[in-house]
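Read off the chains here:
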Amino acid sequence: MFTRDLLAGRAAFVTGGGTGICRGIALALAAHGCDVAIMSRRAEHLEPTAREIEHVGVRAFAVPADVRDAAAVQRAVADAAEAFGRLDIVVNGAAGNFLCLAEALSPNGFGTVVDIDLKGTFHTCRATLPYLKARGGVILNISATLHYGGTAAQLHVSAAKAGIDALTRNLAVEWGAYGIRVNGIAPGAIDDTEGVRRLLPEESRDRAVRANPLGRLGSIDDIAHAALFLCSDGATYINGTTLVVDGGQWLTNRALG
């Protein structure tokens, strides 16, 4: 689909890169010539993915850190940049989620998701800025479609992802002058991910498949392919956009739960 050397000579930093969608993105970047640093809170999530990245012939760098800790993110980014000698691509995908109706949602529960998703995205963007400014680059923020309407039991995530979309647009305006493009991807329900396993019981999953205009859930590869395009030179005039990759699901206004 893409040439194997699409991203040759570049280096990426991916948060949440040890599992799920961002693992898929990290592996796709590596398969197309990019050195990849992956960050997650747990080292055991990182090492298997790092080995897979190295297996395709590029360099991997695995660093455990919590996106909620700005100083830890700063150190992780600096270590990755030193290991690779550069950073060109940043993917913000660290996220937290659970089902909880608003009336039962504690301030701590709400704040935790905002801290991981929204503030974690800001911390990583801010920490990588000096390295991206050196030669221009790409930031890709992983969002969602939950806040395009109203989604029961997802107030906390919807608020955080709406904030990420605002961050994407504002940074695109501010940092475009540095040659940095800032875009996002809003995945729909993606099969074979922890999110679908935990948040979509089998009955709800079947309804989601029937409700989708394309008649299926998305795949991790669907998101990875979108990420490759947005990170490539084929998207050099795309800036401040969040690309919805959900098979048209959100247009139907039919809830997945």
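Just above sits the structure.
Residues numbered from 1 in each chain as written. Predicted model: local features only at pLDDT ≥ 70, side-chain atom pairs only at ≥ 80, totals over all residues. Heavy atoms only, no water.

Here we take up the pattern of salt bridges. A side chain of one charge can pair with a side chain of the opposite charge when the charged atoms of the two come close. Per the counting criterion, the structure on display carries 13 salt bridges. With a closest N to O distance of 2.9 Å, aspartate 66 and arginine 68 form a salt bridge. Residue classification places aspartate 66 among the partly exposed residues on the basis of a relative accessible area of 21%. Note on arginine 68: relative accessible area 35%, which makes it partly exposed. Across the salt bridge formed by arginine 86 and aspartate 88, the nearest N and O atoms sit 2.8 Å from each other. A relative accessible area of 26% places arginine 86 in the partly exposed class. Counted as one network, the salt bridges with shared partners bring together Asp192, Glu194, Arg197 and Arg198. (Salt bridge = Lys/Arg side-chain N within 4 Å of Asp/Glu carboxyl O. Buried < 20%, exposed > 50% of the residue type's maximum accessible area, 1.4 Å probe, protein only.)

Glancing now at the nonpolar core. The biggest cluster of nonpolar side chains holds 34 residues, and the ones touching the most others in it are Val14, Leu29, Val91 and Ile185. If you list the elements that add at least two residues to this core, you get strand S1 (11–15), helix H1 (20–31), strand S2 (35–40), helix H2 (43–55), strand S4 (89–92), strand S5 (137–142) and helix H8 (220–231). Looking at this core, the element that brings in the most residues is H8, giving 8 residues. Core analysis: the next-biggest nonpolar cluster, separate from the first, contains 18 residues, Ala11, Ala65, Ala72 and Val77 among them. (Core = buried A, V, L, I, M, F, W, Y, C linked by side-chain atoms within 4.5 Å. Helix = DSSP H or I, 4+ residues; strand = E, 2+ residues; numbered from the N terminus.)

A word on the pairing of S5. Taken across its 6 residues, S5 has 6 buried, putting it largely inside the fold. Side chains of S5 alternate between two faces, with Gly137, Ile139 and Asn141 and Val138, Leu140 and Ile142 buried alike. Strand direction decides the pairing type here: S4 and S5, joined by 4 bridges, are parallel. The partner of asparagine 92 across the bridge, within S5, is asparagine 141. Between the parallel elements S4 and S5, the chain passes through helix H4 (residues 107–133) in a crossover that is right-handed. Crossover S5 to strand S6 (residues 180–187) through helix H5 (residues 155–175) is right-handed. (Pairing = 2+ DSSP bridges. Right-handed = clockwise from strand over helix to strand, strands pointing away.)

Once that is clear, we can look at the packing of aromatic side chains. This model, assessed by the stated rule, comprises 1 aromatic pair. Summarising the aromatic geometry, the rings of tyrosine 148 and tryptophan 250 are spaced 5.0 Å apart at their centres and angled 80 degrees between planes, so their arrangement reads as edge-to-face. Here tyrosine 148, found in the loop between S5 and H5, pairs with tryptophan 250, found in the segment after strand S7 (242–245); they are 102 residues apart in sequence, far enough to count as distant. You can call tryptophan 250 partly exposed: its relative accessible area is 34%. It is lysine 133 that lies over the ring of tyrosine 178; its NZ or CZ is 4.4 Å from the centre. (Phe/Tyr/Trp six-rings, centres within 6.5 Å; stacked < 30°, edge-to-face > 60°. Lys NZ or Arg CZ within 6 Å of the ring centre and 35° of its normal.)

Now for the sheet that holds S1. Sheet architecture is open: 7 strands sit in the order S3-S2-S1-S4-S5-S6-S7, paired in parallel fashion. Among the strands making up the open sheet, the edge pair consists of strand S3 (60–64) and S7. Direction aside, the axes of adjacent strands within the sheet are offset by 15 degrees on average. Note: S5 against S6, 6 bridges, orientation parallel. Bridge pairing links isoleucine 142 to isoleucine 185 in S6. Here H2 sits on the sheet in contact with S2 and S3, set at roughly 175 degrees to S3. (Axes fitted to C-alpha atoms, helices over the stretch in contact; angles between N-to-C directions. Contact = heavy atoms within 4.5 Å.)

As a further point, take unusual backbone geometry. Despite not being glycine, alanine 153 shows a phi value in the positive range, around 70 degrees. Counting through the fold element by element, alanine 153 comes out in the loop between S5 and H5. Here alanine 153 falls in the buried class, since its relative accessible area comes to 16%. Its identity is not glycine, yet aspartate 192 carries a phi of approximately 60 degrees, on the positive side. For aspartate 192, the position within the fold is in the loop between S6 and helix H6 (194–199).

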